[in-house]
Amino acid sequence: MGSEISLILIVVGGVIAFFLLLYLLPVNLWFTAQLSNVRISLLNLVLMRLRRVPPALVSNAMIISSKAGLRISSNEIETHYLAGGNVNKVIKALISADKANIPLDFKLATAIDLAGRDVFDAVQLSVNPNVINTPPVAAVAKDGIQLIAKARVTVRANINQLVGGAGEETILARVGEGIVSTIGSALNHKEVLESPDRISKTVLSKGLDSGTAFEILSIDIADINIGENVGAKLQTDQAEADLKVANARAEERRAMAVATEQEMRAKAQEARAKVIEAESQVPLAMAEAFRSGNLGIMDYYKMQNIQADTDMRSSISKPTSGDKGKS
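The protein chain is annotated in an unreviewed UniProt entry as Flotillin-like protein FloA of Sphingobacterium haloxyli. Within the UniProt record for the protein chain, the comment given under Sequence similarities (unreviewed entry) is "Belongs to the flotillin-like FloA family." Per UniProt, the protein chain has the following entry under Function (unreviewed entry): "Found in functional membrane microdomains (FMM) that may be equivalent to eukaryotic membrane rafts FMMs are highly dynamic and increase in number as cells age. Flotillins are thought to be important factors in membrane fluidity."

Set out below in structure tokens:
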């Protein structure tokens, strides 16, 4: 019984050791590589396992690139994998670029991949240009008429500028700026409506793809419409503002006039008060004249007659309310 258990343990241990040996010595990968005319040593495959690099990934990448006529070493593939790159996309991109006669080497492809861009999509974009539709761009000609334009920008990837180059947002912003500048320099909106290609030619001549990851192939004006009469609107707003300023100044002058009138009334009241005060001193002066003998009784009656005569003449000279109604 004990010998049987020992035999079973030996067999199980042998099987485990066999599979462990196959894991450490990927003979099948080495044999497949040899059949594909890819020179890679079995020791190198074992060392990849120890460096935590999938030997199958490196072996398959070398086989695919070799069949496509590319010469890439295992060290280059390992380095890119350990740097966090996508080996499969880089190999596919290199094969596509080679077939399309696009100059792309392994160093540039890995740099693009490590920069966070999809290098395979970039190669496809170089082969098949992409069309970018701009949002509506509003601009005002010199005659004050607003025009709203939409453009279609045909671009393809610039492989050499993918690392550090600006994206689609920059292209759209620059094209929009060019459209606004072209429309704004037109003497009137009719010139732009008659020849929309003037916008395309002007924008293309500015080299808007400089410093970007794309190359602009063409700019086509897809639609252009007339917007508001901005010039007339601005003039109307200016007229309303001027009217408000004039009303404010008129109100200021009216307030000053009212204040002046109130001041003059106050002065008139003050003058009347002084007259009344002076008249109140007359009886006192007459009494003093009587006491001092400077004014006799006959002089007083004579003065009263003169005052009565003056009052009568004043009443005759002033028309009554009834006479005013008749007139």
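A. Expanded view of the packing of aromatic side chains. Evaluated as defined, the whole model comprises zero aromatic pairs. Across from the ring centre of phenylalanine 120, 4.6 Å away, lies the NZ or CZ of lysine 92, which sits over that ring.

B. Summary view of the pattern of salt bridges. By the definition in use, this model includes ten salt bridges. Glutamate 263 serves as the salt-bridge partner of lysine 267, at 3.8 Å between the closest nitrogen and oxygen. Residue lysine 267 and its partner glutamate 263 are both found in helix H12 (residues 230-292); the two are separated by four residues, about one turn of the helix. A salt bridge links lysine 274 to glutamate 270; the nearest nitrogen and oxygen atoms lie 3.9 Å apart. Of this pair, lysine 274 and glutamate 270 both sit in helix H12, four residues apart, which is roughly one turn of that helix. By relative accessible area, glutamate 270 is classed as partly exposed at 47%.

C. Quick peek at a nonpolar patch on the surface. The grouping of Val27, Trp30, Phe31 and Leu35 at the surface amounts to a nonpolar patch, some 400 Å² of accessible area in total. Classification of leucine 35 by relative accessible area gives exposed; the value is 63%.

D. Helix H11 (residues 197-204), seen in detail. Those residues of H11 lying buried are Ile199, Ser200 and Val203. For H11, the angular spread of the buried residues around the axis is 100°, confining them to a single face. Taken together, the buried residues of H11 touch helix H9 (168-185), helix H10 (189-194) and strand E4 (214-229).

E. Region of interest: the nonpolar core. Counting residues in each nonpolar core, the largest one holds 58 residues, and the members touching the most others are Leu94, Leu104, Val153, Ile159, Ile179 and Ile199. With seven residues, the top contributor of residues to this core is helix H6 (residues 87-99). When residues of this core are assigned to domains, at least three fall in each of domain 1 (22-127) and domain 2 (130-228).

F. Spatial organisation of the packing of H9 against H11. Axis separation between H9 and H11 bottoms out at 9 Å; the angle between their running directions is 125°. With respect to each other, H9 and H11 are oriented oblique. Crossing geometry of H9 relative to H11 is assigned as right-handed. Taking contact as the criterion, the partners of Val175, Gly178, Ile179, Thr182, Ile183 and Ser185 in H9 are, on H11, Arg198, Ile199, Thr202 and Val203. Broken down by class, the residue content of the contact of H9 with H11 amounts to five nonpolar, four polar and one charged.

G. View of the environment of histidine 80. Summarising the element assignment, histidine 80 is placed in helix H5 (residues 74-82). When the C-alpha atoms of histidine 80 and alanine 111 are compared, they prove to be 9.3 Å apart, with 31 residues separating the residues in sequence. Setting aside its immediate chain neighbours within four residues, histidine 80 contacts Gly85, Asn86, Val87, Val90, Phe106, Thr110, Asp113 and Leu114. One polar contact links histidine 80 to aspartate 113, side chain to side chain, over a distance of 2.9 Å.

Rules used throughout
- Residues numbered from 1 in each chain as written.
- Predicted model: local features only at pLDDT ≥ 70, side-chain atom pairs only at ≥ 80, totals over all residues.
- Heavy atoms only, no water.
- UniProt positions renumbered as here; feature names shortened; annotations may be inferred.
- Phe/Tyr/Trp six-rings, centres within 6.5 Å; stacked < 30°, edge-to-face > 60°.
- Lys NZ or Arg CZ within 6 Å of the ring centre and 35° of its normal.
- Salt bridge = Lys/Arg side-chain N within 4 Å of Asp/Glu carboxyl O.
- Helix = DSSP H or I, 4+ residues; strand = E, 2+ residues; numbered from the N terminus.
- Buried < 20%, exposed > 50% of the residue type's maximum accessible area, 1.4 Å probe, protein only.
- Patch = residues over 30% accessible without salt bridge, like charges linked within 9 Å, V, L, I, M, F, W, Y side chains within 5 Å.
- Areas by Shrake-Rupley, 256 points an atom, 1.4 Å probe, with all protein chains shown as cover.
- Arc of directions from axis to C-beta.
- Contact = heavy atoms within 4.5 Å.
- Core = buried A, V, L, I, M, F, W, Y, C linked by side-chain atoms within 4.5 Å.
- Domains from an automatic or database assignment.
- Axes fitted to C-alpha atoms, helices over the stretch in contact; angles between N-to-C directions.
- Parallel < 35°, antiparallel > 145°, perpendicular 65-115°, else oblique.
- Left-handed = near helix turned anticlockwise from the far one by under 90°.
- Nonpolar A, V, L, I, M, F, W, Y, C, P; charged D, E, K, R; others polar.
- Polar contact = N/O pair within 3.5 Å; in protein donor to acceptor, adjacent residues only side chain to side chain.

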